[in-house]
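A closer look at the structure
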Amino acid sequence: MRYRVAWMKGDGIGPEISDAAIEVLNSIQESLPISFDIKFYDLGDRSKIERGSALPEETVEGIKSSDASIKGPVGESAFESIVAIRQKLDLYANIRPARSYEGVPHAGKIDAIIVRENTEDLYKGIEFEVQGVATSLRIISEKATRRIAKVAATYAIKRRKHVTVVHKANVLRVSDGLFRRVALEELGSGGLTVDEKYVDAMSMALIRNPEQFDIILTPNVYGDILSDEASQIAGGLGFAASANIGDLSSLFEPVHGSAPDIAGKGVANPYSMVMSLSMMLNHIGISRSDNEAMRASAAISSVVEKSIKGGILTPDAGGRLTTKEVGRELAKGVKEFVQTG
Ligand code: GGG
């Protein structure tokens, strides 16, 4: 099969880590009966300066008309670009796995997935200031809560059948009260173990005993914060990949920002981007029932795991390789993996 992929390289380290991931994708095309027609689109700070928009209409149309899309990190324009595209295309499920790998120093053993509602909450962006008083409106709807709880259940059923619902319903009694009620209602009938945690207690429990968590279901803002914490426990944001999934489109991206302080130095960690690519291929495989896409995703995951263990790492993770060298090694590893079965 041939798939159309929209690729936004983004800002800062985005182009470097994108190029490393494209090298891996090329090795997939050379070794499996699957191919990709990649089209590049603008998104983020540079796009805003050069084109007057952090999210040009052409990019939105490009994502809509592709089979899958993937982006590098963006800088200060996150609200106008990534948050906006999630809302525009109703990419309501943000899937952020946090897993500690052998070979990377990690603060605790973790293998969890944060399932974050991706379209509402304070990130809806309804804010205004009147006479020195700034107000942000927090939107939590029954419809959005129910559908994200369903996604959490789908993941939990395939894993350890355990969901932790995160909220602060003792204080935010109406908004988090609704999230808690609807999520527990939706998760209550599927044979899952469901528990709940206040977000403050959750941030402590994640550090104290990260191993206990499987699927972590959260409203938008808590999910953004907790996923940085979880990825730090796992070994750092350089290994944190994610998916934004809707009913009609999907967009894959590293969890981290654009790291302008190290941009252009050749030391950025490309694993987050390569793992996002693996998530994209897995999504194509599932949504199109394509075994070759599934095989490609599994090959990348295996090679990533082996390479991390084998010390193929950039300096942030204790290695000595450049971004390009890690990309090249992963591409070579994927080709060998596929050829040797
Ligand atoms: N702390 C990681 C980071 O900077 N992520 C980019 C970002 O702010 N994304 C917004 C979002 O995921 O909602």
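Residues numbered from 1 in each chain as written. Predicted model: local features only at pLDDT ≥ 70, side-chain atom pairs only at ≥ 80, totals over all residues. Heavy atoms only, no water.

**Focus on the site of the ligand**
- As a structural note, the neighbourhood of the ligand is formed by R86, R96, R116, Y123, D224, D228, V255, H256 and G257.
- Here an oxygen atom of the ligand and a side-chain polar atom of R96 are 2.9 Å apart.
- A distance of 2.8 Å separates an oxygen atom of the ligand from a polar atom in the side chain of R116.
- Against a free-state accessible area of 360 Å², the protein chains account for coverage of 73% of the ligand.
- Partitioned by chemical class, the residues of the shell around the ligand number 2 nonpolar, 2 polar and 5 charged.
- For the shell around the ligand, the domains that each give at least three residues are domain 1 (1-94 + 239-341) and domain 2 (107-234). (Near = heavy atom within 4 Å. Polar contact = N/O pair within 3.5 Å; in protein donor to acceptor, adjacent residues only side chain to side chain. Areas by Shrake-Rupley, 256 points an atom, 1.4 Å probe, with all protein chains shown as cover. Nonpolar A, V, L, I, M, F, W, Y, C, P; charged D, E, K, R; others polar. Domains from an automatic or database assignment.)

**Quick look at the packing of helix α1 (residues 14-31) against helix α11 (residues 323-339)**
- At a minimum axis separation of 8 Å, α1 and α11 run at an interaxial angle of 15°. In this view, α1 runs roughly parallel relative to α11, as classed from their interaxial angle. Handedness of the crossing formed by α1 with α11: right-handed. Taken together, the residues of α11 that come into contact with α1 (itself represented by E16, I17, A20, E23, V24, S27, I28, E30 and S31) are T323, G327, R328, L330, A331, V334, K335 and V338.
- Of the residues belonging to the contact of α1 with α11, the class tally is 8 nonpolar, 4 polar and 5 charged. (Axes fitted to C-alpha atoms, helices over the stretch in contact; angles between N-to-C directions. Helix = DSSP H or I, 4+ residues; strand = E, 2+ residues; numbered from the N terminus. Parallel < 35°, antiparallel > 145°, perpendicular 65-115°, else oblique. Left-handed = near helix turned anticlockwise from the far one by under 90°. Contact = heavy atoms within 4.5 Å.)

**Overview of the environment of F128**
- Inspection of the secondary structure puts F128 in strand β6 (residues 127-130).
- For F128, a relative accessible area of 41% translates into the label partly exposed.
- When the C-alpha atoms of F128 and P33 are compared, they prove to be 52 Å apart, with 95 residues separating the residues in sequence.
- If near-sequence neighbours (up to four positions away) are discounted, F128 is found in contact with V133, A134 and T135. (Buried < 20%, exposed > 50% of the residue type's maximum accessible area, 1.4 Å probe, protein only.)

**Things to note about the domain arrangement of the protein chain**
- When the domains of the protein chain are assigned, the result is domain 1 (1-94 + 239-341) and domain 2 (107-234).
- Computed over C-alpha atoms only, the centres of domain 1 and domain 2 are separated by 25 Å.
- Domain 1 puts 12 residues into the contact, and the matching count from domain 2 is 15 residues.
- Across the domain 1/domain 2 interface, buried area totals approximately 1,100 Å², and carbon plus sulfur atoms make up 50% of it.
- Among the residues of domain 1 in contact with domain 2, Q87, Y92 and N94 are the three that bury the most area, contributing 50% of the side total.
- Summed over the shared surface of domain 1 and domain 2, the number is 1 salt bridge. (Buried area = accessible area lost by both parts, 1.4 Å probe. Salt bridge = Lys/Arg side-chain N within 4 Å of Asp/Glu carboxyl O.)

**Some thoughts on the pairing of strand β10 (residues 215-218)**
- Here β10 shows two buried faces, one formed by I215 and L217 and the other by I216 and T218.
- Where strand β5 (residues 111-117) meets β10, 4 bridges bridge the pair, whose relative direction is parallel. Paired with I114 across the bridge in β10 is I216.
- With 3 bridges connecting them, strand β8 (residues 162-167) and β10 associate as parallel partners. Each residue of the ladder has a partner; that of V163, found in β10, is I215. (Pairing = 2+ DSSP bridges.)

**Observations concerning the nonpolar core**
- One finds L217, Y271 and L277 to be the most contacted residues of the largest nonpolar core, which totals 68 residues.
- In terms of residues, this core owes the most to one element, helix α9 (residues 271-287), which gives 9 residues.
- When residues of this core are sorted by domain, at least three fall in each of domain 1 (1-94 + 239-341) and domain 2 (107-234).
- Setting aside residues no more than four positions away along its own chain, L217 makes contact with V115, I148, A149, A152, V163, T164, V165, V166, F179, A183 and L187. (Core = buried A, V, L, I, M, F, W, Y, C linked by side-chain atoms within 4.5 Å.)

**Overview of the pattern of salt bridges**
- Under the counting rule described, the total for this entry stands at 29 salt bridges.
- Here E305 and R99 are joined by a salt bridge, their closest N and O atoms 3.0 Å apart. Residue E305 is found in helix α10 (residues 291-309), and its partner R99 is found in strand β4 (residues 93-99); the two are separated by 206 residues along the sequence.
- Since its relative accessible area comes to 36%, E305 is described here as partly exposed.
- Judged by relative accessible area, R99 falls into the partly exposed class, the value being 33%.
- In this structure, D121 and R138 form a salt bridge, with 2.7 Å as the shortest nitrogen-oxygen distance. Of the two residues, D121 sits in the loop between β5 and β6 while R138 sits in the loop between β7 (133-136) and α5 (142-158), which places them 17 residues apart along the sequence.
- The exposure class assigned to D121 is buried, which follows from its relative accessible area of 1%.

**Description of unusual backbone geometry**
- Here the phi dihedral of Q131 falls at roughly 45°; this positive angle occurs in a residue that is not glycine.
- For Q131, the location among the structural elements is in the loop between β6 and β7.
- Even without being glycine, S289 reaches a positive phi, approximately 50°.
- Inspection of the secondary structure puts S289 in the loop between α9 and α10.

**A few points about the packing of α10 against α11**
- Interhelical geometry of α10 versus α11 gives an angle of 120° and a closest axis separation of 9 Å. By the criterion of interaxial angle, the relationship of α10 to α11 is oblique. Remark: the crossing between α10 and α11 carries right-handed chirality. Here R295, A299, I300, S302, V303, V304 and S307 of α10 come into contact with α11, specifically with L330, G333, V334, F337 and V338.
- Of the residues belonging to the contact of α10 with α11, the class tally is 8 nonpolar, 3 polar and 1 charged.

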